[in-house]
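# Chains, contacts and geometry: an overview
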Amino acid sequence: MNQENVKGAQMHNPAHDLLGLSLEGGWKVVEPIERYQGQTGGAFSVGYVVVNEQGKRAYLKAMDYSRAFQSADPARALEPLVNAFNFERDLLMECRHMSRVVTALTDGVIRLDGLPVQYLILELADSDARRQMFLQQFDDAWSLRALHQVAVGLDQLHKKMIAHQDLKPSNVLIFEQKQSKVGDLGRSIKDGRLSPHEGLNFPGALAYSPPEYLYRNRPEDWMVRRFGSDIYLLGSLLHFFYTGVALTPALGNQLDPNHKWDKWNGTFAEILPFLYAAFTNVREEFLKNCHSEDCEELDRLLSYLCDPDPYKRGHPGNKAINVPYGLDRFVSRFDFLATRAEMRLSIAAKKK
Amino acid sequence: MTITSRRDDARRIIPRWRLSTEVTGTTETLGSGPPPPPIPTDELAFHVHQWEKSRSDEDALEVLFGSIVVGDTATIGNDAIKQLIETKHRLQPMVKAAAIGKLMGIQGDRHVMPELNLDEQIAETQEKVRHIAALKARLRMAPRNPLSWADYARLAASLGAKNKAEHLIRVAKALAPESRYIARCAVRLLVHTEKAAEAKHLLENMDRTKFDPWLLAADLAVSSVVGKPSRYFKTAREMAERASKENPNFSELFGALSTHFYEEGATKLARRYLHRTLVKPTDNSLAQAEWLAPRIGGIVIPDASYTIPASFEAKARHFRKLQDWENFIKESEGWCNDEPFSTRAPGNASYISAVATGNMAVCQKFCELGLIANPSDGTLLNNLAVAYAQRGQIDKARNLLEKRLKRIYKPDDVHILGLEALTAYRSGDIENGRKFYLKAFEAAVEKKDMVLAALALLHQVQEELVASTMEALEYFEAFEPVVKKIREPEVQSMLERLRTQAQFLSQLRRHM
């Protein structure tokens, strides 16, 4: 096919035509959705709400390869899309039994006019943490419980050597009864398996990136690079819950303009002292704005999770036993703090 | 009057040590590589596109975060950020502050040192104690922040706790072993505590010294203090030869090389590098140029150089040259405030304010200020004793002489002899006063220090005039031709002042 023919042809896109169709397993496509919570970058997929025979609603993610077909070299353009889909599908299947990770209920393929459309059916969330903030449905107990559940989700992934790499408020999905789960494994990386984003220093959203990548520094060790980023992102989430601002923009605001990543022309080691100073300022601001009764402990946890030096991140207790990025201590601390906050809330409610 | 002690011997470009909040973002703290590649904006563009479709606050928030991270090149998304400021949603204060900060271009927090006069600086000691308490709290919260440790060390040094300061700066150095700023702070402190050899060792053990012009400058300076050649001299010279004169990162290295060649007697080379220093000077290299220029000649310092922020020392030296003593004292106050642990700043200022202006109240204040950080400094104690004696507090002066100064200086030292002479004159014992000044003069001549010798003569004349002895005018006439040969501006000012007093006394006697 020559290029002129490509320009003239209007590619039929079957992924957009699924509304009303019945799928394997009794699922029926009932509603298109512009954007699914947590799917902030889904340029190569189309979303729908599907319902099964028991009335359970779920999210269908149909792969849209039409743009790849329209490119000058469709075989090359298709390759990363297919790889990414296969990787995500395999990962979701592997995570099927994880209680705090949004997993695939099923996957399949449907043929329309002889063209195949591959899809994944995922759990459908009611909301996400970012929206929750604007709906004013944040309180201390909720935030701490969400942090606890996200830490559990991240821990479940890490135990399978999967690094999420894109944990951010819009990827913390809220289900009924205030249950939070980690969503969107599209940017994840698994140790020992060729991941589509393995070549990137930090595959997640730039606005949430740990500072070392913004300063063009790539830790050589896989664990430092991947799990070190994940726990930074967990800390960033903690900062977001209590201040409304992710940690990286907050750090950016505390740095002198000449020291910020877009201007800095030195090494990461040279900037680290100034990053520590900026991080200290961020923590002071955090303490001023934090509305929890456990601010000091939260600040301490924030300092462990988001140390500007990726090699120093992690709970000191975990470092002592040579599992620097272990999340179990964070899980139990968030659980304890959440339980205490919930008890305080219920006592206050009873008094009323 | 005794002989006010001078403190302006060999000057080297020892790094300045300022609070981290004052230097953050300045050339000294910047990298030396090529400009970084721009932060990709495609993700921000995607969020802006999403916001344009949805107009939701959630998408506006993503635009805000992306925009802050992308930095100055982020020219899109301002409407989304404005929406966040005006939204009806009750947002947390930090979100609105971040949005306003982004739109207004507010970023970082560079502290500017307040200008304090002498009284305010002396009174600030209590403020420093409070500042230390705040720093300790900050360190309890963030013990890995090396800048806080360095700031704490500086405060400790400025309160005279030298050992504590050394311990604190070592912690900072351990936390940031390759940081230029921390290394330069440590070097400055170690030179201050007379451990220059340790400072040299510290620089030699850093990987980056051999390619960092700021550290090479410090290494050359410290090597000169220690009196041993620098291991990196050849590297430093080669780098300086390749470097552009316009590059501000090299100004101190040019200055250090200039000083090195001056010390070696290679005046032509010293002059060549000093010219280069002055193209883009730092406040420190400008002060070095002020010190060195009269010694090697042929250097004109452009007036525009004095606009450099915090160039107190350079300006003080400049005003000394012009014999503008009012401005000299003003800039010296700034210099003391800028280097509160230094002995050179108050030592120099107290000496010149006493000799050039005869204002012993100011001299006393400079000494008291300097003694906070350096309670055993001989120069400052001597000048304080002079100020006491001059202001009629003979007991205090004698007390300092007997209990402090005689433990620092030998009995035949010029300063001890001068102070003995002064207290004798002020107690009415003219004969002994003359005897001691003569001995002081002879001791200075023996040391081949003609300025000190001239000062001994001038101080004796001053005491004769104060006591209105019959021989006062004879002394003046005898000493004037000798002192006239001394070119030091403050000596000339003192001579001028004494000439006026002598003329007044002469007229008075003619009328009587």
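Described in the following lines is the structure provided in the data block. (Residues numbered from 1 in each chain as written. Chains lettered and ligands numbered in written order. Predicted model: local features only at pLDDT ≥ 70, side-chain atom pairs only at ≥ 80, totals over all residues. Heavy atoms only, no water.)

### A word on the sheet that holds strand 6 (residues 127–128) of chain A
Residue and element names in this part refer to chain A. Keep this limit in mind: At least two DSSP bridges between two strands are needed for those strands to be called paired. Each helix is a run of DSSP H or I of at least 4 residues and each strand a run of E of at least 2, with the numbering of both proceeding from the N terminus. The contact definition used throughout considers only heavy atoms, calling two residues in contact when any of these lie within 4.5 Å. To define axes, lines are fitted to C-alpha atoms, for helices over the stretch in contact only, and angles between the resulting N-to-C directions are given on a 0 to 180 degree scale.
Across the sheet, which stays open at both edges, the three strands sit in the order 6-8-9 with antiparallel pairing between neighbours. Each of the sheet's edge strands pairs with one partner strand only, and the pair in question is strand 6 and strand 9 (179–182). Of the pairings in the sheet, the one linking strand 6 to strand 8 (residues 172–175) comprises two bridges and is antiparallel in character. The residue bridging Asp-128 from the neighbouring strand is Leu-173, located in strand 8. Each of strand 8 and strand 9 touches helix 5 (residues 140–159); the most contacted strand, strand 9, lies at about 35° to it.

### Description of a nonpolar patch on the surface
All names here are of chain B. Selection rule: Distance thresholds for patches are 9 Å for like charges and 5 Å for nonpolar side chains (Val, Leu, Ile, Met, Phe, Trp, Tyr), applied to residues having over 30% relative accessible area and no salt bridge. For the area figures, the Shrake-Rupley method with a 1.4 Å probe applies, and any residue is considered shielded solely by the protein chains shown. The term salt bridge refers to a pairing of a side-chain nitrogen on Lys or Arg with a carboxyl oxygen on Asp or Glu at a separation within 4 Å. Throughout this description, buried means an accessible area under 20% of the type-specific maximum (1.4 Å probe, protein chains only), exposed means over 50%, and partly exposed covers the range between.
Taken together, the side chains of Ile-100, Leu-103 and Met-104 define a hydrophobic patch exposed on the protein surface, amounting to about 270 Å² of accessible area. When you line up the elements, Ile-100 lands in helix 5 (residues 93–104). With relative accessibility at 38%, the residue Ile-100 sits in the partly exposed group.

### What to know about the interface of chain A and chain B
Quick note on the threshold: Defined here as a combined quantity, buried area equals the accessible surface (1.4 Å probe) lost by two parts on assembly, summed across both. In protein, a polar contact requires one atom able to donate a hydrogen and another able to accept it; more generally it is a pair of N or O atoms within 3.5 Å, and residues adjacent in sequence count only if both atoms are side-chain atoms.
Each partner contributes residues to the interface: chain A has 59 residues there, and chain B has 52 residues. Surface buried jointly by chain A and chain B totals about 5,000 Å² across both partners, of which 57% is contributed by carbon and sulfur atoms. Viewed at the interface, chain B and chain A are joined by five salt bridges. The partner of B:Glu62 in a salt bridge is A:Arg130, and the shortest N-O contact between them spans 2.8 Å. Along the contact surface separating chain A from chain B lie 19 residue pairs in polar contact (both at pLDDT 80 or more).

### Concerning the pairing of strand 2 (residues 45–51) of chain A
Residue and element names in this part refer to chain A. With six of seven residues buried, strand 2 lies mostly within the body of the structure. Both strand 1 (residues 28–33) and strand 2 contribute to a ladder of five bridges, which runs antiparallel. In the strand pairing of strand 2, Lys-28 is matched with Val-51. When strand 2 meets strand 3 (residues 57–63), the two strands line up antiparallel, connected through seven bridges.

### Remarks on the state of the cysteines
Basically, it comes down to this: The definition used for a disulfide is geometric: two cysteine sulfur atoms within 2.5 Å.
Applying the stated criterion across every chain, the model contains one disulfide over all chains. Across the disulfide from A:Cys290 sits A:Cys295; the S-S distance is 2.1 Å. Between A:Cys290 and A:Cys295, the S-S dihedral sits near -100°, and the bridge is therefore left-handed. With respect to class, A:Cys290 is no different from A:Cys295; both count as buried. B:Cys367 supplies the cysteine sulfur nearest to B:Cys336, a cysteine that is in no disulfide, at a spacing of 10.0 Å.

### Quick word on helix 19 (residues 360–373) of chain B
Residues and elements named next belong to chain B. Counted only if it meets this: Residue count minus one, scaled by 1.5 Å, sets the expected span of a helix.
Spanning 14 residues, helix 19 covers 21 Å between terminal C-alpha atoms, matching the ideal 20 Å at 1.5 Å per step. Across the 14 residues that make up helix 19, a large majority, ten, are buried. Looking at the packing, one finds that the buried side of helix 19 touches helix 6 (118–141), helix 7 (146–158), helix 8 (162–175), helix 17 (325–338), helix 18 (344–357) and helix 20 (378–390). With a side-chain oxygen positioned 3.3 Å from the backbone nitrogen of Ala-361, the residue opening helix 19 is Asn-359.

### A closer look at the packing of aromatic side chains
Rules: When the centres of two rings from Phe, Tyr and Trp lie within 6.5 Å, Trp using its six-membered ring, the rings pair. Their planes under 30 degrees apart give stacked, over 60 give edge-to-face, and anything left gives tilted. As a reminder, the over-ring test applies to NZ of lysine and CZ of arginine, requiring each to be within 6 Å of the ring centre and within 35 degrees of the ring normal.
Under the counting rule described, the total for this entry stands at 19 aromatic pairs over all chains. Between B:Tyr425 and B:Tyr437 the ring centres are 5.8 Å apart and the planes differ by 40°, which places this aromatic pair in the tilted class. Here B:Tyr425 is found in helix 22 (residues 414–426), whereas its partner B:Tyr437 is found in helix 23 (residues 430–446), with twelve residues between them in sequence. Owing to a relative accessible area of 5%, B:Tyr425 belongs among the buried residues under this scheme. Members of the aromatic cluster, each reached through a chain of ring pairs, are A:Trp142, A:Tyr208, A:Phe240, A:Phe241 and B:Phe65. For B:Arg55, the ring lying beneath its charged end belongs to B:Trp51, and the centroid distance is 4.1 Å. The ring of B:Tyr273 carries the charged tip of B:Arg272 above its face, separated from the ring centre by 5.5 Å.

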